[in-house]
Structures are given as structure tokens and as C-alpha cells.
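What follows is each chain in one-letter form.
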Amino acid sequence: MTTQNVASVYPLPPEYYKRYTDENLSILKQVKEQGEETFVESGGALPQTFNILELEPPPPITEGYYHCFNEAWPVVDVLNSLEDQGHKQLYPKGKIDRNVELKKLNQSAIFNFLELLNSLVKDPDRSLEKFEQIRLIFLNMKHMLNEYRPHQARETLRSILKNQLEDRRRATEEIKNRVNELAKSLETIKSSWKALDETKMDMDTH
């Protein structure tokens, strides 16, 4: 049996994570409260290999772009226009009925698909042009649908909050019912003890 080296598919965490010890975090807290000079003058010892303030997380980015999986994303999430993305917009600008425009684009996509099939048979050289037209139509449809994303996010959040509220109401109602049942049980036990006490008193008097 041969011995195989086992390696992790993920890279090791950066070495600076070892700096976040309880002792260093306590020093950081004192330095922030007292100031570095006051902390040292009072007998405190700072780490020698790094600046203690480097343990503070960097401030959040408020403008520009951030990178994730080798792609740049704007900090302020906005949907760029088709022209900004280098594509032609096929539907009118401004306020439109998106349902109507989506149906038009869908019909145009079907028509161009049929023409693409026809060109593949009669004139294959035009097939690439038809393919690009269909691609542009779908890009327009995708962009129009993406404009609904903020509305979809609000509705999803509203639905989640509504479900959470209903769950809490049901839990509260169940707790109330349990409390009422417990109160009734305690009242029954109390009545039973009272009856026993009265019976005992009658027996003692006789």
C-alpha cells in the first residue's frame, strides 16, 4: 500500500490570525481607552512585532469598487444601463409597461429563432448575425427583469418579517395556553388539598 500525501484544497489562514489572542485584545482595549503613551507610562507592555492598533478592523468601504472572486463590484449597488454595458437597448426609455415590452421581446426572440433555423438551411453565413440578434434580445429581457430586483428584495424581506411575526404570535398564544392550563392544574391541586384539609379537620373533631 502506497502512502499518499493529504493536502487541503483551501489555503491556510493568514498568519496574523495568531495575533488575536485574549491578551492582545485586552491590550488593544486599554490602548483605545487610555491612549498608547498613557498605557506604556502606566507599565503596560506592547507587542514588539506589530502595531497593536493593526488588530482594529479596517473601516468599511463607502465608495468605489470592491473585488470578489476576481470581479470588481460597485460599493453602491446600481444597475448599469444597457448602453453603459455596451449593448443596444431595444425597448423605449422612460416609463414603460414592462409586461407589454417583455411580451414584444419574447415574440421577437421566437421570430428570430425561426429565422435562425431557416438561415441554417438556406444561408448559413447569416446564422451568426441572427444568433447575435437573439443574444441581444435576451440581454434586453434579462436587464428588464433585473430592474425588478429591488422590488423583489423588498417583497421577500416583507414576507420574511411577516412570517416571523406570525411565528412569534403563535408562540405567544401557545405560551398563554400553557400558562392557563398550568393555572387550572394548580387550582385543581389547591382545591384537592383544601378538601383533604377539611376532611382531616372533620376526622380530628370526631
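Residues numbered from 1 in each chain as written. Predicted model: local features only at pLDDT ≥ 70, side-chain atom pairs only at ≥ 80, totals over all residues. Heavy atoms only, no water.

Please give an account of the overall build of the chain that cites residues and values.
Each helix and strand in the chain was counted, giving five helices and two strands. Each helix and strand of the chain, placed in order from N terminus to C terminus, yields the pattern α-α-β-β-α-α-α. Computed over C-alpha atoms, the radius of gyration of the chain comes to 36 Å, more than 25% over the 17 Å expected from 2.2 N^0.38 for 206 residues, which places it beyond the range of a compact globule. By its C-alpha atoms, the chain is 120 × 65 × 60 Å across when sized along the principal axes. Looking at the 206 residues of the chain, the share that counts as buried comes to 14%. By sequence separation, contacts in the chain at least 24 residues apart represent 51% of the contacts at least 6 residues apart. (Helix = DSSP H or I, 4+ residues; strand = E, 2+ residues; numbered from the N terminus. Rg over C-alpha atoms; globule rule 2.2 N^0.38 Å. Buried < 20%, exposed > 50% of the residue type's maximum accessible area, 1.4 Å probe, protein only. Contact = heavy atoms within 4.5 Å.)

Before we move on, can you summarise the UniProt feature "coiled-coil region" (unreviewed entry) in the chain with the specific residues and values?
Residues given the UniProt feature "coiled-coil region" (unreviewed entry) here are residues 154–182. Taken as a whole, residues 154–182 contains 100% helix and 0% strand, while its terminal C-alpha atoms sit 42 Å from one another. (UniProt positions renumbered as here; feature names shortened; annotations may be inferred.)

Just give me the short version of a nonpolar patch on the surface, but keep the residues and values in it.
Residues Ile110, Phe113, Leu114, Leu117, Leu120 and Val121 make up a contiguous nonpolar surface patch of about 590 Å² in total accessible area. Within the element layout of this structure, Leu120 appears in helix H3 (residues 98–122). (Patch = residues over 30% accessible without salt bridge, like charges linked within 9 Å, V, L, I, M, F, W, Y side chains within 5 Å. Areas by Shrake-Rupley, 256 points an atom, 1.4 Å probe, with all protein chains shown as cover. Salt bridge = Lys/Arg side-chain N within 4 Å of Asp/Glu carboxyl O.)

Let's hear about the pairing of strand S1 (residues 65–68): which residues, and what values?
Here S1 pairs with strand S2 (residues 71–74) via four bridges, running antiparallel. If you follow His67 over to S2, its bridge partner there is Ala72. Where S1 folds back onto S2 in an antiparallel hairpin, the turn is made up of two residues, including Phe69, whose phi is positive at roughly 55 degrees. (Pairing = 2+ DSSP bridges.)

Run through the packing of aromatic side chains, naming residues and quoting values.
Under the defined criterion, the tally for this structure stands at zero aromatic pairs. In this arrangement the basic side chain of Arg98 is found over the ring face of Tyr148, its NZ or CZ atom lying 5.7 Å from the centre. (Phe/Tyr/Trp six-rings, centres within 6.5 Å; stacked < 30°, edge-to-face > 60°. Lys NZ or Arg CZ within 6 Å of the ring centre and 35° of its normal.)

Give a detailed account of the pattern of salt bridges, specifying residues and quantitative values.
Per the counting criterion, the structure on display carries 11 salt bridges. The partner of Glu101 in a salt bridge is Lys104, and the shortest N-O contact between them spans 3.8 Å. Of this pair, Glu101 and Lys104 are both found in helix H3, three residues apart, which corresponds to roughly one turn of the helix. With a shortest N-O distance of 2.1 Å, Asp167 and Arg170 are connected by a salt bridge. Of this pair, Asp167 and Arg170 both sit in helix H5 (residues 149–205), separated by three residues, roughly a single helical turn. Assessed through its relative accessible area of 40%, Asp167 is described here as partly exposed.

Which residues make up helix H4 (residues 127–146), and what values go with them?
With 20 residues, H4 should cover 28 Å at 1.5 Å per step; its first-to-last C-alpha distance of 28 Å lies within 8% of that length. The set of residues buried in H4 consists of Ser127, Lys130, Ile134, Ile137, Asn140, Met141, His143 and Met144. Each element contacted by the buried residues of H4 is listed here: H3. (Expected span 1.5 Å × (residues − 1).)

Explain the packing of H3 against H4 to me, using residue names and the numbers behind them.
At a minimum axis distance of 9 Å, the contact between H3 and H4 shows a crossing angle of 160 degrees. The orientation of H3 relative to H4 falls into the category roughly antiparallel. Considering how the two elements wind past one another, H3 and H4 form a crossing that is left-handed. Split by residue class, the contact of H3 with H4 holds 13 nonpolar, seven polar and four charged. (Axes fitted to C-alpha atoms, helices over the stretch in contact; angles between N-to-C directions. Parallel < 35°, antiparallel > 145°, perpendicular 65-115°, else oblique. Left-handed = near helix turned anticlockwise from the far one by under 90°. Nonpolar A, V, L, I, M, F, W, Y, C, P; charged D, E, K, R; others polar.)

Pulling in residues and values, what's your account of the environment of Glu56?
Tracing the sequence through the fold places Glu56 in the loop between helix H2 (36–41) and S1. A relative accessible area of 34% means that Glu56 is categorised as partly exposed. Distance from Glu56 to Ile160, taken between C-alpha atoms, is 34 Å for residues 104 residues apart in sequence. Discounting residues that sit within four places of it in the chain, Glu56 has contacts with Leu28 and Lys32. There is a polar contact of 3.3 Å between the side chain of Glu56 and the side chain of Lys32. (Polar contact = N/O pair within 3.5 Å; in protein donor to acceptor, adjacent residues only side chain to side chain.)

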